[in-house]
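A look at the structure
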Amino acid sequence: MAVCIAVIAKENYPLYIRSVPTQNELKFHYTVHTSLDVVEEKISAVGKSLGDQRELYLGLLYPTEDYKVYGYVTNSKVKFVIVVDSSNTSLRDNEIRSMFRKLHNSFTDVMCNPFHTPGNPIQSKAFDEVVSGMLAQST
């Protein structure tokens, strides 16, 4: 399924980025950071039309030849980006939504940890295991 999963802070710096083929890690960092412009566009467009009632799931941000990039924004403006291999045509929109829901729940657990300082990079074994499970489904 996913080849890269990223959590980006409100101020647009990475809290967590993990990719499956580690030799392409820099390429995925670039892909995630270029997707932030599209995320900002979608947030501002949705914010103008619906006021405060907005959908957290942003959907497909943009496709490339090799990958499809999906986005999700929490109420606290933390962004989740999932990069999926384009060759995986069986992946449905509701499966991507459930991946984001699972990721959001795990992120919430990390933020509820009294030993985690918000704004610092995520270093949680439980969060790592959830992400590993999402990345391992693709192999």
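Quick summary incoming for the structure in this document.

Reading the values: the criteria
Residues numbered from 1 in each chain as written. Predicted model: local features only at pLDDT ≥ 70, side-chain atom pairs only at ≥ 80, totals over all residues. Heavy atoms only, no water. Pairing = 2+ DSSP bridges. Helix = DSSP H or I, 4+ residues; strand = E, 2+ residues; numbered from the N terminus. Axes fitted to C-alpha atoms, helices over the stretch in contact; angles between N-to-C directions. Contact = heavy atoms within 4.5 Å. Buried < 20%, exposed > 50% of the residue type's maximum accessible area, 1.4 Å probe, protein only.

Turning next to the sheet that holds strand β4 (residues 67–73). Taking strand neighbours across the sheet as the criterion, the 5 strands line up as β2-β1-β5-β4-β3 in an open arrangement whose pairing is antiparallel. Among the strands making up the open sheet, the edge pair consists of β2 (14–19) and β3 (57–63). Geometrically, the sheet is characterised by an average inter-axis angle of 15° between neighbouring strands, direction not taken into account. Relative to β4, β3 runs antiparallel, the two being bridged by 5 bridges. Residue pairing for β4: Pro-63 is matched across the bridge by Lys-68. Running over the sheet, helix α2 (residues 93–112) touches β1 (2–8), β2, β3, β4 and β5 (79–85) and is turned about 140° from β5.

Attention now goes to the pairing of β5. When a strand is regular, its side chains alternate between the sheet's two faces. Most of β5 sits inside the fold, with 6 of its 7 residues counted as buried. Pairing of β1 with β5 involves 6 bridges; the strand directions are antiparallel. Looking across to β5, one finds that Val-7 is bridged to Phe-80. Of the strand pairs in this sheet, β4 and β5 are connected by 7 bridges, and their pairing is antiparallel. Each residue of the ladder has a partner; that of Val-73, found in β5, is Lys-79. Connecting the antiparallel pair β4 and β5 is a turn made up of 5 residues, with Lys-77 showing a positive phi of about 70°.

Note that all results are geometric; they support no functional claim without further evidence.
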